[in-house]
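A look at the structure
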There are 2 protein chains.
Amino acid sequence: MSEPAEISPLTLSRLPLYLRCLRQLQEKGTTHVSSSQLAQQFELSASLIRKDLAQFGEFGIRGTGYRVDELVDRLNGLLGLDRIHKMAVVGMGSLGSALARYLSVNDRPFKIVAAFDVDGGRVGSKLGHLIVHHSREIPEVIPETGARIAVLAVPASAAQKCYEDLTDSGIEAVLNFAPIRLKRNPAVRTKSVDFQIYLEELAYFLRS
Amino acid sequence: MSEPAEISPLTLSRLPLYLRCLRQLQEKGTTHVSSSQLAQQFELSASLIRKDLAQFGEFGIRGTGYRVDELVDRLNGLLGLDRIHKMAVVGMGSLGSALARYLSVNDRPFKIVAAFDVDGGRVGSKLGHLIVHHSREIPEVIPETGARIAVLAVPASAAQKCYEDLTDSGIEAVLNFAPIRLKRNPAVRTKSVDFQIYLEELAYFLRS
DNA sequence: ACCCGCTTGTGAACCATGTCACAAGCGTCT
DNA sequence: AGACGCTTGTGACATGGTTCACAAGCGGGT
Ligand SMILES: NC(=O)c1ccc[n+]([C@@H]2O[C@H](COP(=O)([O-])OP(=O)(O)OC[C@H]3O[C@@H](n4cnc5c(N)ncnc54)[C@H](O)[C@@H]3O)[C@@H](O)[C@H]2O)c1
Ligand SMILES: NC(=O)c1ccc[n+]([C@@H]2O[C@H](COP(=O)([O-])OP(=O)(O)OC[C@H]3O[C@@H](n4cnc5c(N)ncnc54)[C@H](O)[C@@H]3O)[C@@H](O)[C@H]2O)c1
């Protein structure tokens, strides 16, 4: 079976997970792993793993399982993690700063190349060797730096405006942390991470 | 139709979303809204909204739509947001501190009652009027404070251990931010928010 | 009082996703 | 070389979720 035109979103959401598990095995020195071993160890379903992986060609070995290194490389390639992704962070408050710091440390394939805020106290300050720009400079700075992914960490009230500025200046994917339902630009991959909603979801189970 | 024994997880994940949209309308002074208005305004599906809501009894008005206030109250009740939820935060690094600060401001139904870390520099420091405890005190402090939800913001290497300490001391729901696949306690509602994975998912669309 | 336009609630059709079961295939051991 | 044990890849099935289409029902206007 060769490359499908489109990966199902649910399959896609599991690939990074598999990758993480495999990296963990890799560090332990495991060279081969079967779908059922993976499943047991990480509470996944063996047949689902096989089905997910089989979409991209046969690279398991019957009777043996998968070669960990090869699978990691293959998934890295599939997900586009085999090259640097330049990112911008908008909103350098407590969350934005935490994210920026986090990405400077764990930056395997992701690299922050621009940061924005509007607060006089933050604009101009340095983030490592990076300067925090004023948000109004988004239209110029984004193309200059070549950032394609943006992280939105501004207050909800500013999020829609910032989102539009970002997508207008060529950003292709946005990870939004503001607790708001964005009016999306269909040409831009947009994902929202909504802490408040996760908590509310958990709260449901505690009604007792 | 009366209360179902169990809400489907996908329906559940949309209820907080509806709630958010409705609160927004409420602030604007809108008193009534139809499923199709909601759908258009927030890019949802009208029939899905109706189906989700109809599970909890008929409280729409045919020909008119839903009363915003009533729907908000009803969803608040359903999700258990009509009372205070006491929470603990474990790991007061940059993310934990941001979350704690965030929750102190936006604490409609969620209230932080305990904070933990292991770092000598942070243990004993104050978070508002709260003292940061050492993690080894989890077993005593959690029951004392009555926290039922925990937010895990420790490094991946410490996450499994902390998770187990928390669940052993009576925590009933955990929101985990560490980039690791936890071995779950089936009695505890566990949700992971994995920034890294979201980014990797977005990266896929930028392979071009 | 009745009609009419609108919207809900809901069965049925449709679609996606996950599970199961097994044939096909690899490697090893005799 | 042949048989055996194990694991993949995959069609058939089951499950669950979403969309569709429409009857039932409300409210306002005449
Ligand atoms: N802090 C958290 O733990 C947390 C958790 C979940 C979600 N969030 C959400 O993330 C967002 C940021 O949270 P935070 O705690 O960092 O808030 P914060 O107030 O600390 O930071 C917000 C930052 O955005 C800046 N800003 C405002 N308007 C801007 C604009 N137009 N362009 C660029 N920057 C702008 C502000 O100057 C400030 O520095 C909020 O929407 C919040 O709801 C935060
Ligand atoms: N910072 C971010 O933006 C971000 C984003 C996504 C995920 N995360 C994840 O969240 C976690 C925390 O990130 P961070 O940036 O705040 O890291 P951090 O290093 O700033 O903070 C971690 C904190 O946990 C404390 N800690 C360590 N072991 C502990 C234990 N056993 N009990 C209690 N506390 C303990 C440390 O003392 C430290 O204060 C990490 O797993 C990280 O991967 C962080």
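Residues numbered from 1 in each chain as written. Chains lettered and ligands numbered in written order. Predicted model: local features only at pLDDT ≥ 70, side-chain atom pairs only at ≥ 80, totals over all residues. Heavy atoms only, no water.

Contacts between chain B and chain A engage 60 residues on the former and 59 residues on the latter. Interface area, chain B with chain A, both sides summed: about 5,900 Å², of which 65% is carbon and sulfur. Viewed at the interface, chain A and chain B are joined by six salt bridges. Counting across the chain B and chain A interface gives 19 residue pairs in polar contact (both at pLDDT 80 or more). Listed by contribution, the elements that provide at least two residues to the side of chain B that touches chain A are α1 (9–28), α4 (68–79), β4 (85–90), α5 (94–105), β9 (173–176), β10 (189–192) and α8 (195–204) of chain B. For the side of chain B that touches chain A, the element with the highest residue contribution is α8 of chain B, accounting for 10 residues. (Contact = heavy atoms within 4.5 Å. Buried area = accessible area lost by both parts, 1.4 Å probe. Salt bridge = Lys/Arg side-chain N within 4 Å of Asp/Glu carboxyl O. Polar contact = N/O pair within 3.5 Å; in protein donor to acceptor, adjacent residues only side chain to side chain. Helix = DSSP H or I, 4+ residues; strand = E, 2+ residues; numbered from the N terminus.)

Residue and element names in this part refer to chain B. Between α1 and α4, whose axes approach to 10 Å, the crossing angle comes to 145°. Like other packed secondary-structure pairs, α1 and α4 cross with a definite hand, here left-handed. Across the interface between the two elements, Leu12, Leu15, Pro16, Tyr18, Leu19, Leu22, Arg23 and Gln26 of α1 pack against Val68, Asp69, Leu71, Val72, Leu75, Asn76 and Leu79 of α4. Counted by class, the contact of α1 with α4 contains 11 nonpolar, two polar and two charged residues. (Axes fitted to C-alpha atoms, helices over the stretch in contact; angles between N-to-C directions. Left-handed = near helix turned anticlockwise from the far one by under 90°. Nonpolar A, V, L, I, M, F, W, Y, C, P; charged D, E, K, R; others polar.)

Before going further, it helps to examine the site of ligand 2. Near ligand 2 you find 25 residues, and of these Leu95, Asp117, Arg122, Ser135 and Val154 of chain B are the closest. The environment of ligand 2 is shared, with nearby residues belonging to chains A and B. Residue Leu99 of chain A places a main-chain N or O atom 3.2 Å away from an oxygen atom belonging to ligand 2. Bound to the protein, ligand 2 loses 84% of the 820 Å² it would expose on its own. (Near = heavy atom within 4 Å. Areas by Shrake-Rupley, 256 points an atom, 1.4 Å probe, with all protein chains shown as cover.)

The next thing to look at is helix α5 (residues 94–105) of chain A. The end-to-end C-alpha distance of α5 of chain A is 17 Å, a good match for the 16 Å that 12 residues give at a rise of 1.5 Å each. By the burial criterion, the buried members of α5 of chain A are Gly96, Ala98, Leu99, Ala100 and Leu103 of chain A. Looking at the buried positions of α5 of chain A, the neighbouring elements they touch are β4 (85–90), β5 (110–117), β6 (126–127) and β8 (149–152) of chain A together with α5 and α8 of chain B. (Expected span 1.5 Å × (residues − 1). Buried < 20%, exposed > 50% of the residue type's maximum accessible area, 1.4 Å probe, protein only.)

What follows covers the sheet that holds strand β9 (residues 173–176) of chain A. All names here are of chain A. The seven strands are arranged β6-β7-β5-β4-β8-β9-β10 in an open sheet whose pairing can be described as mixed. Edge positions in the sheet fall to β6 and β10 (189–192), since each of these pairs with one other strand and no more. Taken together, the four bridges between β4 and β8 define a ladder with parallel strand orientation. Following the sheet pairing, Ala88 is matched in β8 by Ala150. Its contacts with the sheet place helix α6 (residues 138–145) against β4, β5 and β7 (130–134), and it is angled at close to 165° to β5. Sheet contacts for helix α7 (residues 156–168): β4, β8, β9 and β10; angle to β8, the most-contacted strand, approximately 170°. (Pairing = 2+ DSSP bridges.)

Here we come to the protein's contact with DNA strand C. Taken together, 26 residues surround DNA strand C, and among them Arg14 and Lys51 of chain A together with Ser35, Arg50 and Tyr66 of chain B come closest. Separating a phosphate oxygen of DNA strand C from a side-chain N or O atom of Arg14 of chain A is a distance of 2.8 Å. Within the side chain of Arg50 of chain A, one N or O atom sits 3.5 Å away from a base nitrogen of DNA strand C. Contributing elements (two or more residues each) for the surface near DNA strand C: α1 (9–28) and α3 (46–54) of chain A together with α3 (46–54), β2 (60–61) and β3 (65–67) of chain B.

Moving on: the pairing of strand β7 (residues 130–134) of chain B. Residue and element names in this part refer to chain B. By the bridge criterion, three bridges tie strand β5 (residues 110–117) to β7 in an arrangement that is parallel. Paired with Asp117 across the bridge in β7 is His134. Hairpin connection of strand β6 (residues 126–127) to β7: two residues between the antiparallel strands, including Gly128 at a positive phi of 65°.

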